[in-house]
Amino acid sequence: MPVDPPCEGVCVCLGGKSTLYLPPTTQRTDETAVASLLFIITCWIPQRNTHAAMSCLHKRPKRSEEEERAFQEHVKKVAQENGKRLGLEGDTDVQFLLLGGELVKVRSTSWKKMRFFKLQEDCKTIWHESHKKFKRNQTFSVDEIDSMRLGRQSEGLNKHTHPVDEAQCFSIIFKGRKKNLDLMAPNGEVARKWVNGIEKIINNMRNLSHVQKSEHWIINCMRKADKNEDNKMTLKELKHFLRQINVEVDDVYAEEIFKKCDKSNSGSLEGSEIEHFYDLLTQREEINVIYDKYAATEGQMSSKDLLNFLLNEQREQVNLHDAVRLIEKYEVDQTAKQRKHMTKDGFLMYLHQDEGCILNPAHKHIYQDMHQPLNHYFISSSHNTYLMEDQLKGPSSTEAYIKALMKSCRCVELDCWDGPNGEPIIYHGYTITSKVLFRDVIKAIKDYAFKTSQYPVILSLENHCTVDQQKLMAHHLISILGGALLTKPLGNSMPSNFPSPEALKGRFLIKGKRLNKLDDAFNNILIEDGTVSEEDEAADCKENGQKGKSKKSKIKLAKELSDIVIYCKSVHFNGFEHARDSQAFYEMSSFKESKAFNLADTSATAYIHHNMDKLSRIYPAGSRTDSSNYNPVPMWNVGCQIVALNFQTPSKEMQINQGRFLPNGFCGYILKPEFMRNPSSQFDPSKLTHGPWLKRKTFHVMVISAQQLPKLNKDKPKSIVDPLVRVELYGVPADNASKETHYISNNGFNPMWNHRFQFDVHVPELAMVRFVVEDYDSTSQNDLIGQYCLPLTSIQNGYRHVPLLTKRGDIISSAGLFLNLMLIDVK
């Protein structure tokens, strides 16, 4: 169904373009691709804001009444088509967004400005007016949005608006470091329509197939390349387009492609010629080779052919029924589907779905036993959770807690100090980091703790407050968290071991100092406020801020705060023997990284056994003023559960942490290997004697290709990446390794390496694999293009696509690696 182009251009300031006529790919059998292509083409269709007060840098040409009516009808059609592609045809909330309306943008108590916002007809871009010079009109894509929040749920709205305005407020939360957009609607109904509409679009966009996302990206680049907006592509524009998609070709090759497609010899490509060019561009030769090898039935894969592929290449334990199920699920040609055949397009679709991904689909959900004691799990943990940036002058914010919790962090830190007006505050002591109210942090934690995971959250208190403010801390914890706060042990008798994550679902645990033993809670022994030694990290902080203070300094502790510390009582570490003989199971120690690494090097087996009975928390050295991170892997190797990292700092260490907690439903808890839970184990990660941990394997990796890598320097159109791929293994010292491919010059669109690596793995249950794509630079450090990390035990064998994430862990839409992987037992 071709789209009729309008007869006129459109106001440039809206970012609109004339329609580039690109016929649907009717000759392809991939019906889903055809539908998505039609959806994408409309990105080239003019978009116009009808807000009367809007100002334009360039006035659009005048239209007659009839032309204007036709144009508006055309725009309406475009929006309907896009809504249909997204499964939102006729949705009232989306229709409301397409009309647009005025919202109050809130920056401070005094800065509240009326601005017009509107969803553009591509159903993906939101336009809003701006009064900045030369930035009269601005847009952002729903791809940039992390989440929507209805009500005064951002720090800005909570601070700068009145509680009576709760229903009118909403926030747009962006990925990365882009500031939240805090808005007020005229009434609660309008606010709900904006939030519901955008959330529907985000969810439906995320559910598009990889093929649809890929074509969206390509055709959006085509739109940008059509400089004169004449619906055609000249040789010059074709070269510009190739640079847009991150590939540089010499003039001779560009001319060859152009001539091959320019059947009419007109000097420009249009209509079916652009379609032909698109088909040439998106050919995946490596997929063709694999498919042709197994397509033994009339040029297609029968269900038996597909089963052979699954058994021989993917090494999956499947049967013919499983092969038929895949055909029914992913084949796009109805005739082939009826014959139980899979076409090349269906095969490509399968390879890009969960079944064809590197991550075992079974591991995307909770698959581990969640009924073991709490200390038998690695727990995703944050350090200085309140900080958005560095720990000297960076801002403290409730947003930092929300971001960490939404990433399934299950242990957050609260550095508590006396604040003005008797209210405790949180900030990094003896620095100029900004301050946030303790009460506001607890409210944010309550609201967001269990949105991503239902498993328990530990609040690690670093207490520097006076007794009066400690009592207020306890009051806020009890009154705000309510019944979700654990205030006594589970059961009716004194426990001898930790409860499980399953038994603690939806509960908050307080980690901090306690004045007495937990047994006293069952024996009705009354206590009063008393004195305790400061916890190690709190003492370190005081020593750094006030020279000469003893690390074993004392503080007064309020009974009310002491009483709500149940399973995570903080005690000083006096050696493994002392801990074994004198400490109860619920008494835990915090270790500065230098001490923890030293113990891991000198007493690994003792440390592992300590962690079979107790919890251990590791925290970064105070000297890391830039909030950098240590390598968490050696700490996991000795069974430490709460390995706290600075979540606010994008780094290789945080990427490894994200990979560690990626499987098991991304719930923030990973069950430790059995040999780290068995009291008879003599495992030492540095001295690999024979034992159940030694399961030697050979890991074969063939880096085949990459697809649609992003440009790193968007300000320089001619800047093209020179990608290379590095495969890194992290685990016990014997398993640490790194190997990389050569780099491919000037091609980020479809670079191909076909490079083989082999790794020897001794303890696969502790091994992590990280795939890194970098832009090679001979004169300076390579720049990161994308990365992906996961446990070796969660990898699928065979031909697999690997999604790529940014340095902050956000998915890069349409980009990916294509690999062949094989993990084989060593006999």
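Residues numbered from 1 in each chain as written. Predicted model: local features only at pLDDT ≥ 70, side-chain atom pairs only at ≥ 80, totals over all residues. Heavy atoms only, no water.

As annotated in an unreviewed UniProt entry, the protein chain carries the name Phosphoinositide phospholipase C and comes from Takifugu rubripes. Taken directly from UniProt, the Catalytic activity (unreviewed entry) text for the protein chain runs: "a 1,2-diacyl-sn-glycero-3-phospho-(1D-myo-inositol-4,5-bisphosphate) + H2O = 1D-myo-inositol 1,4,5-trisphosphate + a 1,2-diacyl-sn-glycerol + H(+)". (UniProt positions renumbered as here; feature names shortened; annotations may be inferred.)

(A) Looking closely at the overall build of the protein chain. From N to C terminus, the protein chain includes 25 helices and 32 strands. Every one of the 827 residues in the protein chain was classed for burial, and the buried ones make up 59%. Within the protein chain, contacts between residues at least 6 apart in sequence are counted, and of these 69% link residues at least 24 apart. Total accessible area on the protein chain stands at roughly 34600 Å², and carbon and sulfur atoms take up 48% of it. (Helix = DSSP H or I, 4+ residues; strand = E, 2+ residues; numbered from the N terminus. Buried < 20%, exposed > 50% of the residue type's maximum accessible area, 1.4 Å probe, protein only. Contact = heavy atoms within 4.5 Å. Areas by Shrake-Rupley, 256 points an atom, 1.4 Å probe, with all protein chains shown as cover.)

(B) Local environment of the state of the cysteines. Throughout the structure, instances matching the rule amount to zero disulfides. Just so you know, Cys411 is unpaired, no disulfide at all, and the nearest cysteine sulfur is the one on Cys409, 6.6 Å from it. Assessed through its relative accessible area of 1%, Cys411 is described here as buried. Free of any disulfide, Cys416 has its nearest cysteine sulfur in Cys465, 5.5 Å distant. Judged by relative accessible area, which is 0%, Cys416 ranks as buried. (Disulfide = S-S within 2.5 Å.)

(C) The environment of Leu280, seen in detail. Structurally, the position occupied by Leu280 is in helix H9 (residues 272–281). Residue Leu280 is classed as partly exposed on the basis of its relative accessible area, which comes to 35%. Once the C-alpha coordinates of Leu280 and Ile257 are considered, the two residues, 23 residues apart in sequence, prove to be 8.7 Å apart. The residues touching Leu280, leaving out its near neighbours within four places in the chain, are Lys260 and Cys261.

(D) Representation of the packing of aromatic side chains in the model. Tallied over the entire structure, the rule returns 32 aromatic pairs. Ring geometry for Phe347 against Tyr350: centres 6.1 Å apart, planes inclined by 40 degrees, an arrangement best described as tilted. Here Tyr350 and Phe347 lie together in helix H14 (residues 344–351), a separation of three residues that amounts to about one turn. Take Phe347 and Tyr350: they sit in the same class, and that class is buried. (Phe/Tyr/Trp six-rings, centres within 6.5 Å; stacked < 30°, edge-to-face > 60°.)

(E) How the structure looks around the nonpolar core. Counting 73 residues, the largest nonpolar core has Leu414, Ile445, Leu459 and Leu477 as its most contacted members. Per element, the largest residue contribution to this core is six residues, and it comes from helix H16 (residues 438–448). The residue makeup of this core includes at least three contributed by each of domain 3 (374–645) and domain 4 (697–825). Aside from chain neighbours lying at most four places away, what touches Leu459 is Val412, Leu414, Ile442, Ile445, Leu477, Leu481, Phe508, Leu509, Ile510 and Lys511. One finds Phe757, Val761, Tyr788 and Leu804 within the second-largest nonpolar core, a separate group that totals 34 residues. (Core = buried A, V, L, I, M, F, W, Y, C linked by side-chain atoms within 4.5 Å. Domains from an automatic or database assignment.)

(F) How the structure looks around the UniProt feature "binding site: Ca(2+) 3" (unreviewed entry) in the protein chain. As recorded in UniProt, the sites labelled "binding site: Ca(2+) 3" (unreviewed entry) are Asn384, Glu413, Asp415 and Glu462. These annotated residues cover 79 residues of sequence, and their C-alpha atoms all fall within 9.8 Å of one another, placing them together at a single site. Tracing the backbone through its elements, the reader meets Asn384 in the loop between strand E12 (377–382) and helix H15 (398–406). For Asn384, the side chain forms a polar contact with the side chain of His383, separated by 3.4 Å. The exposure class of Asp415 is buried, given its relative accessible area of 0%. A polar contact is formed between the side chain of Asp415 and the side chain of Tyr386, at a distance of 2.5 Å. (Polar contact = N/O pair within 3.5 Å; in protein donor to acceptor, adjacent residues only side chain to side chain.)

(G) Spatial organisation of the packing of helix H3 (residues 92–99) against helix H5 (residues 188–206). Put simply, H3 and H5 touch, their axes get as near as 8 Å, and they point 105 degrees apart. Judged by the angle between their axes, H3 and H5 are roughly perpendicular. Contact residues: Asp93, Val94, Phe96 and Leu97 in H3; Val190, Lys193, Trp194, Asn196, Gly197, Ile198, Lys200 and Ile201 in H5. Looking at side-chain class alone, the contact of H3 with H5 contains seven nonpolar, two polar and three charged residues. (Axes fitted to C-alpha atoms, helices over the stretch in contact; angles between N-to-C directions. Parallel < 35°, antiparallel > 145°, perpendicular 65-115°, else oblique. Nonpolar A, V, L, I, M, F, W, Y, C, P; charged D, E, K, R; others polar.)

(H) Broad picture of the pattern of salt bridges. A full pass over the atoms with the stated rule returns 29 salt bridges. Two residues, Lys293 and Glu313, come together in a salt bridge whose shortest N-O distance is 3.1 Å. On the criterion of sequence distance, the pair formed by Lys293 in helix H10 (residues 285–294) and Glu313 in the loop between helix H11 (303–312) and helix H12 (320–330) is long-range, its members being 20 residues apart. Lys293 sits in the exposed class, given a relative accessible area of 59%. Take Glu313: its relative accessible area is 13%, and that puts it in the buried class. Salt-bridge contacts for Glu423 lead to Arg439; the nearest nitrogen and oxygen are separated by 2.8 Å. (Salt bridge = Lys/Arg side-chain N within 4 Å of Asp/Glu carboxyl O.)

(I) Spatial organisation of the environment of Thr487. Residue placement: Thr487 occurs in the loop between helix H17 (467–481) and strand E17 (508–512). Sequence separation between Thr487 and Ile564 is 77 residues; the distance between their C-alpha atoms is 4.8 Å. For Thr487, the contacting residues outside a window of four places in its chain are Asp563, Ile564 and Ile566.

(J) View of H15. Counting buried residues in H15 gives seven out of nine residues, a clear majority hidden from the surface. By the burial criterion, the buried members of H15 are Thr398, Glu399, Ala400, Tyr401, Ile402, Ala404 and Leu405. Residue Ser397 occupies the N-cap position of H15, its side-chain oxygen lying 2.9 Å from the main-chain nitrogen of Glu399. After H15 finishes, the residue Ser408 shows a positive phi value of roughly 70 degrees.

(K) Examining the environment of Glu774 more closely. Position of Glu774 among the secondary structure elements: in strand E29 (residues 768–775). Residue classification places Glu774 among the buried residues on the basis of a relative accessible area of 11%. Separated by 10 residues in the primary sequence, Glu774 and Leu784 place their C-alpha atoms 4.5 Å from one another. If we skip the residues at most four places from it in the chain, Glu774 touches Asp722, Pro723, Leu724, Arg726, Asn782, Asp783, Leu784 and Ile785. A polar side-chain atom of Glu774 sits 3.1 Å from a polar atom in the side chain of Asn782.

(L) Spotlight on the UniProt feature "active site" (unreviewed entry) in the protein chain. Under the UniProt annotation, the feature "active site" (unreviewed entry) is placed at His383 and His428. Taking the farthest pair of C-alpha atoms as the criterion, the annotated set spanning 46 residues converges on one region, since that pair is 11.1 Å apart. Structurally, His383 is set in the loop between E12 and H15. Judged by its relative accessible area of 3%, His383 falls in the buried class. When you line up the elements, His428 lands in the loop between strand E14 (425–426) and strand E15 (436–437). If we ignore the near neighbours within four places in the chain, the residues touching His428 are Asn384, Tyr386, Gln391, Asp415 and Thr433.

(M) Broad picture of unusual backbone geometry. For Asn265, which is not glycine, the phi torsion reads 55 degrees and is therefore positive. By secondary structure assignment, the location of Asn265 is in the loop between helix H8 (251–261) and strand E9 (268–269). A positive phi angle is found at Asn746, which is not glycine, with a value near 55 degrees. With respect to the secondary-structure elements, Asn746 resides in the loop between strand E27 (737–740) and strand E28 (752–761). For Asn746, a relative accessible area of 31% corresponds to the partly exposed category.

(N) Fine view of the side chain of Ser562. Tracing the backbone through its elements, the reader meets Ser562 in helix H20 (residues 559–563). Here the side chain of Ser562 touches Leu515 through a polar contact of 2.8 Å, landing on its backbone nitrogen.

(O) Representation of the confidence of the model for the protein chain in the model. Put simply, the protein chain has an average pLDDT of 86, and 86% of its residues get 70 or more. Within the model, pLDDT remains below 50 along residues 1–61, and this stretch shows 172 contacts once partners closer than five positions in the same chain are excluded. Confidence over residues 546–550 falls short of pLDDT 50; this stretch has three contacts with residues more than four positions distant or in other chains. (pLDDT = per-residue confidence, 0-100.)

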